[in-house]
Amino acid sequence: MLLICDEDKFTKMNKLPIPIDKIVANKEFALSEVDQVHLEWYEVHKRRLTRNTINGKAILMQLEQGAEWHHGDGLFHQETLQAILVVKPSLTIRFNPTDLVQLADFGYFIGNRHLPIFNVTDAESLRLPYDGRLYEQVLAKYGTSIQLEEALLLSEDLIRLQAKNKKNPDLKRIDGHISLGEQVRKDN
């Protein structure tokens, strides 16, 4: 039996991924001029990934123990920029508390679900990754304080990490964001 296949498909399938040997963190690269690699928000902790860029180039990305990928990282191979890492926007549940009592109640309600909670930097709001059953429950409980929206879920906006960095001032703050609790205390 003779198999006939398209030579371009065959060579693309058998190419080894380009290993990334240098990561330049969060530089301002022109996204329109550089190829991109897309990740989901929950993949930023994966240490070894092989992905195709938007233009179809296979790349191998590896991280050291304890490191994570960040939106905007430049991925280099032999001093040549191969692609920029882009965290894809996700459907999220946004909670806009009306007061501290509602915020505390929400924290108690969500706490047992072990979901990551993200701070919204431009407002006193929180975001959670979308979960259908949870959305129905919080919508019934909090009404107009709940919204669905597409947003970037970035690890630097995680409340847990911001609280950890606040407790340990020797640790460098990830992005200079102020947690929701600090914003409320400053206003009072």
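Refer to the structure printed above.
Being a predicted model, the structure only gives us computed values, none of them experimental.

Colleague: Help me get a handle on empty space enclosed by the protein, residues and values and all.
Modeller: Within the structure shown, the criterion is met by 2 cavities of 30 Å³ or more. As a volume, the second largest cavity reaches approximately 30 Å³. For the second largest cavity, the full set of lining residues is Val 44, Trp 69, His 70, His 71, Val 87, Leu 153, Leu 154, Ser 155 and Glu 156. Taken together, the residues of the lining of the second largest cavity break down into 5 nonpolar, 3 polar and 1 charged.

Colleague: Before we move on, could you go through the sheet that holds strand S8 (residues 90–95) and cite the residues and values that matter?
Modeller: The antiparallel open sheet is built from 4 strands, whose spatial order is S9-S10-S8-S11. Looking along the sheet, the strands with just one partner apiece sit at the ends: strand S9 (118–120) and strand S11 (146–151). Geometrically, the sheet is characterised by an average inter-axis angle of 40 degrees between neighbouring strands, direction not taken into account. Lying over the sheet, helix H3 (residues 132–142) contacts S8, strand S10 (125–129) and S11, oriented at roughly 135 degrees with respect to S11.

Colleague: Tell me about H3, and name the residues and values.
Modeller: Burial in H3 covers these residues: Leu 134, Tyr 135, Val 138 and Tyr 142. Angular distribution of buried residues about the axis of H3 spans 100 degrees; they occupy a single face of the element. Counted as exposed and oriented over 90 degrees from the buried face of H3: Arg 133, Glu 136 and Ala 140. Looking at the residues trailing H3, positive phi occurs at Gly 143, about 55 degrees.

What counts and what doesn't
Residues numbered from 1 in each chain as written. Predicted model: local features only at pLDDT ≥ 70, side-chain atom pairs only at ≥ 80, totals over all residues. Heavy atoms only, no water. 1 Å grid on protein atoms, 1.4 Å probe; cavity = no way out; pocket = protein on both sides within 12 Å on 5 of 7 lines; lining within 4 Å. Points joined across faces, edges and corners; volume = space filled by probe spheres on them. Nonpolar A, V, L, I, M, F, W, Y, C, P; charged D, E, K, R; others polar. Pairing = 2+ DSSP bridges. Helix = DSSP H or I, 4+ residues; strand = E, 2+ residues; numbered from the N terminus. Axes fitted to C-alpha atoms, helices over the stretch in contact; angles between N-to-C directions. Contact = heavy atoms within 4.5 Å. Buried < 20%, exposed > 50% of the residue type's maximum accessible area, 1.4 Å probe, protein only. Arc of directions from axis to C-beta.

All quantities given are derived from atomic positions and should not be read as evidence of function.
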